[in-house]
Amino acid sequence: MTTIRCTPLCLRRGAARLTSLALAALLAACGGGGASDDDSGIPVVPSAASITAGNLEGVARQTLVAATYLGDATGLVTGAQVAPGARTLFNFTRAQLDRLPALFGSRTRLVTGVTTTESLPCTGGGTVSVQTTDNNGNGNVDVGDAGTLTASNCVEEGATLSGTISLRFTAVSGDLNTDTFAATAAVTLQSLRASTAAGQAAGSGDFTLVITSTDASTGSLDLTVPSLSVAGSFGGVADTVTLANFRLTSSTALSAGRLRTSSTVSGTVGSTALAGGTVRLATLQPLVQFDTDAYPSSGQITATGAAGSQMRLTVQSTTSVLLELDSSGDASYESNLVKTWASLV
């Protein structure tokens with residue numbers, strides 16, 4: 001599994017790459033999904049889950065996925081997690097958004113504010129329409145520049161995809177094709193759908209990404225999600241997953257010759273399949289992971305459900321995690337168990 005590896009090295013391909021990394025975090029945090037008949041984009045938010053011994057591990061899985069998948073969705077959650085939906089949406093978006101820097105940079109100088117549209121073929125059939133607006137016509141990403149990608153029966157890696165991804169840059173400094181820059185992008189998913197032989201996935205919502213890079217090994221990411229929903233069924237497992245008032249931060253720098261990433265997470269995460277509803281996450285101690293480790297080596301997060309019921313998750317090492325349960329909400333943890341990282345993510 002690949003978890004917290006989102007360093008400036010992986011951001012060098014420019015603004016579209018940055019946005020795709022945020023989507024990776026977002027969809028992996030959602031952990032899966034499927035089709036929904038509601039195209040309104042309004043999330044169907046599950047009610048608060050009561051945290052018990054029966055769903056403790058599900059709550060832990062949902063917490064860890066939300067907190068650790070910052071730059072890659074190659075790892076998949078096991079058990080009830082319907083990750084194929086999230087992975088399909090992520091892979092498609094990442095591949096298509098990677099095209100945007102070339103579309104900005106390869107154009108000859110344009111008349112100020114000109115919007116151009118280009119239709120690009122998908123590997124298995126169908127198309128992606130890419131619309132870019134370069135406000136000052138300089139071929140670089142600047143404040144106010146925007147891009148919209150619309151998939152029409154686009155077939156990639158065995159999945160047929162439709163829907164729209166749009167982004168607009170609200171702050172830019174430096175050159176996003178180098179290791180020294182800062183950028184803020186607002187991103188919207190509009191009924192982004194994926195259909196495979198195993199099922200269907202659909203996601204709608206908004207998020208804002210702030211990325212800063214000072215050199216090839218030092219940078220930060222701040223992802224905020226007012227509202228996002230992924231819903232449906234994969235492999236016969238139905239799930240409605242939501243994020244609300246969600247925030248994820250990550251900072252990476254060299255430490256004793258290794259890249260060290262420190263991450264925090266907060267906000268409400270819901271999964272009907274894993275937790276049976278929503279839980280509210282809070283980071284007591286940041287999750288810390290080194291680039292040479294498969295999993296974080298320290299950190300502590302709580303997940304609070306209905307009536308104050310709570311799970312406290314404490315990272316013991318790069319191989320194990322301690323889960324404590326307070327099912328009655330009386331601030332007393334009546335039971336605990338130790339799980340391996342591999343069994344949870």
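Residues numbered from 1 in each chain as written. Predicted model: local features only at pLDDT ≥ 70, side-chain atom pairs only at ≥ 80, totals over all residues. Heavy atoms only, no water.

Caption draft 1: Region of interest: unusual backbone geometry. Positive phi outside glycine occurs at A256, with the angle close to 50°. Checked against the element boundaries, A256 lands in the loop between β8 (237-255) and β9 (258-271). Exposure remark for A256: the relative accessible area of 82% places this residue in the exposed category. The backbone phi angle of A331 is positive, close to 65°, even though this residue is not glycine. You can see A331 is positioned in the loop between β13 (320-326) and β14 (335-340). (Helix = DSSP H or I, 4+ residues; strand = E, 2+ residues; numbered from the N terminus. Buried < 20%, exposed > 50% of the residue type's maximum accessible area, 1.4 Å probe, protein only.)

Caption draft 2: View of the packing of aromatic side chains. One pass over the structure, following the stated rule, counts 1 aromatic pair. Plain terms: the ring middles of Y295 and W341 are 5.3 Å apart, the flat faces sit at 10° to each other, and that makes the pair stacked. Pair noted here: Y295 is in the loop between β10 (277-290) and β11 (298-304) and W341 is in helix α5 (residues 341-344), with a separation of 46 residues, a long-range link. Of the two residues, Y295 and W341, both sit in the buried class. (Phe/Tyr/Trp six-rings, centres within 6.5 Å; stacked < 30°, edge-to-face > 60°.)

Caption draft 3: Quick peek at the state of the cysteines. Applying the stated criterion across every chain yields a total of 1 disulfide. Here C122 pairs with C154 through a disulfide, and the sulfurs are 2.0 Å apart. Since a negative S-S torsion denotes a left-handed disulfide, the C122-C154 link at about -115° is left-handed. On the criterion of sequence distance, the pair formed by C122 in the loop between β1 (115-121) and β2 (127-133) and C154 in strand β3 (residues 146-156) is long-range, its members being 32 residues apart. A relative accessible area of 8% places C122 in the buried class. Judged by its relative accessible area of 0%, C154 is buried. (Disulfide = S-S within 2.5 Å.)

Caption draft 4: Geometry of the side chain of Q300. Here Q300 shows up in strand β11. For Q300, the residues in contact, after removing those within four places along its chain, are A282, T283, L284, Q285, L287, R312, L313 and T314. (Contact = heavy atoms within 4.5 Å.)

Caption draft 5: Region of interest: the nonpolar core. Counting residues in each nonpolar core, the largest one holds 48 residues, and the members touching the most others are F246, M311 and L313. With residues up to four places along the chain from it excluded, the contact list for M311 reads I51, L56, V59, A60, T63, I301, T302, A303, L323 and E324. In terms of nonpolar packing, the next biggest core, distinct from the first, is built from 7 residues, V128, V130, A151 and C154 among them. (Core = buried A, V, L, I, M, F, W, Y, C linked by side-chain atoms within 4.5 Å.)

Caption draft 6: Expanded view of the pairing of β9. Relative to β9, β8 is paired through 13 bridges, and the arrangement is antiparallel. Bridge pairing links S251 to S262 in β9. With antiparallel pairing between neighbouring strands as the criterion, β8 and β9 make up a hairpin whose turn holds 2 residues, including A256 at a positive phi of roughly 50°. Taken together, β9 and the strand that follows it, β10, pair antiparallel across an intervening segment of 5 residues, in which G276 is found at a positive phi of about 80°. (Pairing = 2+ DSSP bridges.)

Caption draft 7: Layout of the confidence of the model for the chain. In this model, the chain carries an average pLDDT of 75, and 72% of its residues clear a pLDDT of 70 or more. Here residues 1-43 is modelled with pLDDT under 50, and outside its nearest four sequence neighbours on either side it reaches 165 contacts, counting other chains as well. In the predicted structure, residues 69-87 sits below a pLDDT of 50 and forms 65 contacts with residues beyond four places in sequence or in another chain. (pLDDT = per-residue confidence, 0-100.)

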